[in-house]
Amino acid sequence: MLTTSRRDLILSAAVAGAALGLDKSLAIAAPARGQKTPDPAKGFFRYKIGDAECTGVYDGIWEKAHDPACFSNATVAEIKQALADAGLTTAFVPIPITVFVIKLHGKLVLCDAGGGNQVQAFNPESVFVSGKMMANMRAAGIDPKKIETILISHFHPDHIFGLLEKKTNAPVFPNAEIIVPAAEYKWWTDPSLITRLPTGRRPLARRIQTAIPNWKNVLPVEGEDEVVPGIRFVSAPGHTPGHTAFHVSSGNEQLMISSDAAYVPALCAAHPGWHGVFDQNAVAAETSRRKLLDRVIADKMMICGSHFPWPGLGKIARDGAGYALTVHTS
Ligand SMILES: [Zn+2]
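Note that the structure is predicted; figures quoted are calculated from it, not measured. Along each chain, residue indices are assigned from 1 in the same order as the chain's sequence is written. Local features in a predicted model are, by the rule used here, given only for residues with pLDDT of at least 70; side-chain atom pairs are given and counted only at 80 or more, and totals for whole chains, interfaces and linings are based on all residues. Side-chain metrics rest on all non-hydrogen atoms present in the structure, leaving aside hydrogens and water.

Engineer: Tell me about the overall build of the chain, and name the residues and values.
Structural biologist: Each helix and strand in the chain was counted, giving nine helices and 15 strands. Here the chain, with 330 residues, has 55% of them falling under the buried criterion. In the chain, once contacts between residues fewer than 6 apart in sequence are set aside, the share between residues at least 24 apart is 68%. Accessible areas in this description were obtained via Shrake-Rupley with a 1.4 Å probe; residue shielding takes into account the shown protein chains only. Accessible surface computed for the chain: about 13700 Å², of which carbon and sulfur atoms make up 54%. Secondary structure elements follow DSSP: runs of H or I of four or more residues count as helices, runs of E of two or more count as strands, with numbering from the N terminus. Buried means the residue's accessible area, taken with a 1.4 Å probe over protein chains only, is under 20% of the maximum for its type, while exposed means over 50%, and partly exposed covers the values in between. It only takes one pair of heavy atoms within 4.5 Å for two residues to be counted as in contact.

Structure, rendered in C-alpha cells:
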C-alpha cells in the first residue's frame with residue numbers, strides 16, 4: 001500500500017536521524033538551520049492537581065519542515081491553515097517537547113525522559129533540539145537523582161533517549177524504577193522485530209534491545225494498573241503498539257497526561273481524523289485519541305501532552321467535528 005510504504009519511509013528517515021551515533025552510515029543530514037522558536041524564559045511550569053505538585057519541564061523543540069507525507073489525508077495547505085487557526089507559525093510545524101514531574105504521596109515521578117540531545121531531524125530544513133530537561137529540572141529545584149520512578153509512554157526517541165547516555169547507552173537514572181507499558185516493551189524487545197522493520201527503523205530497535213532489557217530497574221506493566229499511588233496507566237495504542245497515557249488523580253481533581261495521543265493539538269485534536277505518518281497504526285491511533293479526549297471532557301479533567309504548546313497544560317472541549325485546546329498560559 002502506498003500510504004504504508006510512504007509512512008515507513010518517513011519513519012525510517014526520522015528514526016535513522018534519531019539514531020545518529022549508532023549507525024553513522026545513516027547520518028546523512030545535519031540541521032542546516034538554527035532554532036527559530038525562543039526557549040521559554042523559564043523552562044519549568046508548576047501547578048497543582050489536588051495535592052499533586054506537577055511541574056512541566058521543557059526539553060526542546062522540533063521545528064519540522066512541511067512535508068506533504070505528514071498526513072495521509074491532509075495537504076500542506078490544510079496543515080498551514082490548522083496552524084494559523086491555532087495562532088501558531090505556519091513556517092514549520094512547531095513540536096515542543098515537555099516532560100512532567102509529579103510529586104504525590106511523597107514520591108517524585110518523572111513522566112517520559114525527553115530526547116537527551118540525541119534526536120536529530122533527518123530533513124536538513126528541520127531543526128530538532130532536545131536534552132534541556134536536566135538543566136530545567138534543576139532550575140525547578142528538582143534534583144534528578146531524587147527521581148524515584150519514571151513512567152514511559154512509548155519508546156520513540158523523543159521520549160526515551162533521555163534515559164540513555166549519548167555514547168555508552170549507560171542508564172542516566174540507574175537508581176529510579178522505570179515503569180513501561182508491557183505491550184510496548186514486548187514489541188520493541190522482540191529479537192525477531194529487527195528483520196521485520198524497514199532498514200532505517202532498525203537502529204532504534206537495536207539501541208533499545210542492546211540497552212534496556214539489561215537494566216535491572218525496568219518494570220513492564222500490563223493493562224491500566226495504578227502504577228504509583230495516584231497515577232494510573234491509560235492504554236492508548238496506535239501511535240505505537242503500547243502507547244500509554246497517564247492519569248493523575250488527587251482529591252476531586254484529575255489530569256490526563258496524554259503523551260502523544262493528540263501530539264500537536266492544533267493538528268490532531270482539531271482534526272482527529274487526520275492520519276499522521278508518525279502513528280504506526282493510524283486507525284487505532286484515531287480511535288484512542290477520540291476515546292481519550294472524550295473521557296477528558298466528560299470527566300472535566302485538565303490535560304497536558306508531550307508536544308502541546310508550552311507550558312503544555314490546557315483544557316479541551318468539543319469544537320465542531322474536532323476538539324479545541326485552550327492552552328494554560330504561564
Ligand atoms: Zn513524541
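Engineer: Go over the coordination of the zinc ion with me, naming the residues and quoting the values.
Structural biologist: Shown as donors are all N, O and S atoms within 2.8 Å of a metal ion, widened to 3.2 Å for Na, K and Ca; because water is not in the atom set, sites may appear incomplete. Each protein donor to the zinc ion is listed here as Asp158 (OD), His159 (NE2), Asp260 (OD) and His307 (NE2); together their distances run 2.1 to 2.3 Å. Irregular is the default label, applied whenever a site is not tetrahedral (four donors, all angles between 85 and 135 degrees) and neither square planar nor octahedral (four or six donors, opposite donors over 155 degrees apart, all other angles between 65 and 115). Each of the four donor atoms bound to the zinc ion contributes to angles spanning 85 to 167°, and the resulting shape is irregular. Mapped onto the sequence, the donors of the zinc ion take the spacing D-H-x100-D-x46-H.

Engineer: Break down the environment of Ala91 for me, citing the residues and quoting the values.
Structural biologist: By the secondary structure assignment, Ala91 is in the loop between helix H2 (76-85) and strand E3 (93-104). Residues Ala91 and His66 lie 25 residues apart in sequence; the distance between their C-alpha atoms is 7.9 Å.

Engineer: Describe the sheet that holds strand E9 (residues 226-228), with residues and values.
Structural biologist: In this scheme, strands are said to pair when DSSP sees at least two bridges between them. If you trace the seven strands from one edge of the open sheet to the other, you get E9-E10-E11-E12-E13-E14-E15, paired in mixed fashion. The outermost strands of the open sheet, each flanked by one partner alone, are E9 and strand E15 (322-327). Strand after strand, the sheet turns through a mean of 35° between neighbouring axes, direction not considered. Here six bridges tie strand E14 (residues 313-319) to E15, and the two strands are oriented antiparallel to one another. Each bridged residue has a counterpart across the sheet, and for Gly314 the counterpart in E15 is Val327. For every element, the axis is a line fit to its C-alpha atoms; helices are fit only across the contacting stretch, and the angle between N-to-C directions ranges from 0 to 180 degrees. Sheet strands in contact with helix H9 (residues 282-298) are strand E10 (231-235), strand E11 (244-250), strand E12 (253-257), strand E13 (302-304), E14 and E15, and its direction is about 100° off that of E14.

Engineer: Got a sec to walk through the side chain of Ser130? Specific residues and values, please.
Structural biologist: Structurally, Ser130 is set in the loop between strand E5 (127-129) and helix H3 (133-139). Classification of Ser130 as buried rests on a relative accessible area of 5%. Any pair of nitrogen or oxygen atoms within 3.5 Å is treated as a polar contact; in protein, a donor-acceptor pairing is required on top of that, and neighbouring residues in sequence qualify only through side-chain atoms on both sides. At a separation of 3.5 Å, a polar atom in the side chain of Ser130 contacts the main-chain carbonyl oxygen of Gly115. Engagement of the side chain of Ser130 in a polar contact is seen with the backbone nitrogen of Asn117, the distance being 2.9 Å. Setting aside residues up to four positions removed in sequence, Ser130 forms contacts with Asp59, Gly60, Ile97, Gly115, Gly116, Asn117, Gln118 and Val119.

Engineer: An account of the packing of aromatic side chains is needed here, citing residue identities and associated values.
Structural biologist: Ring geometry is summarised as follows: Phe, Tyr and Trp rings, the Trp one being its six-membered ring, pair when their centres sit within 6.5 Å, and such pairs are stacked at plane angles under 30 degrees, edge-to-face over 60 and tilted between the two. Summed over the entire model, instances satisfying the criterion amount to seven aromatic pairs. Through a chain of ring-to-ring contacts, three or more aromatic side chains come together here, namely Trp62, Phe128 and Phe278. By definition here, charges over rings are those cases where NZ of Lys or CZ of Arg is within 6 Å of the ring centre and within 35 degrees of the ring normal. Stacked on the ring of Phe44, the Lys or Arg Lys42 has its end atom at 4.9 Å from the ring centre. Note that Arg207 overlies the ring of Phe161, its terminal NZ or CZ placed 4.4 Å from the centroid.

Engineer: An account of the pairing of E3 is requested, with residue identities and associated values reported.
Structural biologist: When you tally the buried positions in E3, you get 11 out of 12 residues, the bulk of the element. Both strand E2 (residues 52-64) and E3 contribute to a ladder of 11 bridges, which runs antiparallel. Bridge pairing in E3 links Gly60 to Ile97. Strand direction decides the pairing type here: E3 and strand E4 (residues 107-111), joined by five bridges, are antiparallel. Across the sheet, residue Val101 finds its bridge partner in E4, namely Leu110.

Engineer: Please set out the side chain of Thr149 residue by residue, giving values where relevant.
Structural biologist: Considering the arrangement of structural elements, one finds Thr149 in strand E6 (residues 149-151). Accessibility expressed as a relative area gives 0% for Thr149, which makes it buried. At a separation of 3.3 Å, a polar atom in the side chain of Thr149 contacts the side chain of Lys107. Residues contacting Thr149, with those up to four places away along its chain left out, are Lys107, Leu108, Val109, Leu110, Ala176, Glu177, Ile179 and Val228.

Engineer: Give a description of unusual backbone geometry that names residues and reports values.
Structural biologist: A negative phi angle is the norm for most residues apart from glycine, just as the trans form is the norm for most peptide bonds. With an omega of 10°, the peptide bond between Trp310 and Pro311 qualifies as cis. Here Pro311 lies in the loop between E13 and E14. In this model, Asp112 sits at a positive phi of 70°, which is unusual for a non-glycine residue. Checked against the element boundaries, Asp112 lands in the loop between E4 and E5.

Engineer: Tell me about the pattern of salt bridges, residues and numbers included.
Structural biologist: Should their charged atoms come close, side chains of opposite charge can pair. A pair is scored as a salt bridge if a Lys or Arg side-chain nitrogen falls within 4 Å of a carboxyl oxygen belonging to Asp or Glu. Within the structure shown, the criterion is met by eight salt bridges. A salt bridge links Arg318 to Asp294; the nearest nitrogen and oxygen atoms lie 2.9 Å apart. Here Arg318, found in strand E14, pairs with Asp294, found in helix H9; they are 24 residues apart in sequence, far enough to count as distant.

Engineer: Quick one: what's the story with helix H5 (residues 182-189), residue by residue and with numbers?
Structural biologist: If you check which residues of H5 are buried, you get Ala182, Glu184, Tyr185, Trp188 and Thr189. For H5, the arc enclosing every buried residue in end-on projection is 160°, short of the 170-degree limit, so these residues lie on one face. Summarising the contacts, the buried residues of H5 are in contact with strand E7 (177-181), helix H6 (193-196), helix H7 (202-211) and strand E8 (218-221). Each C-beta atom gives one direction from the helix axis, and the arc is the one those directions make.

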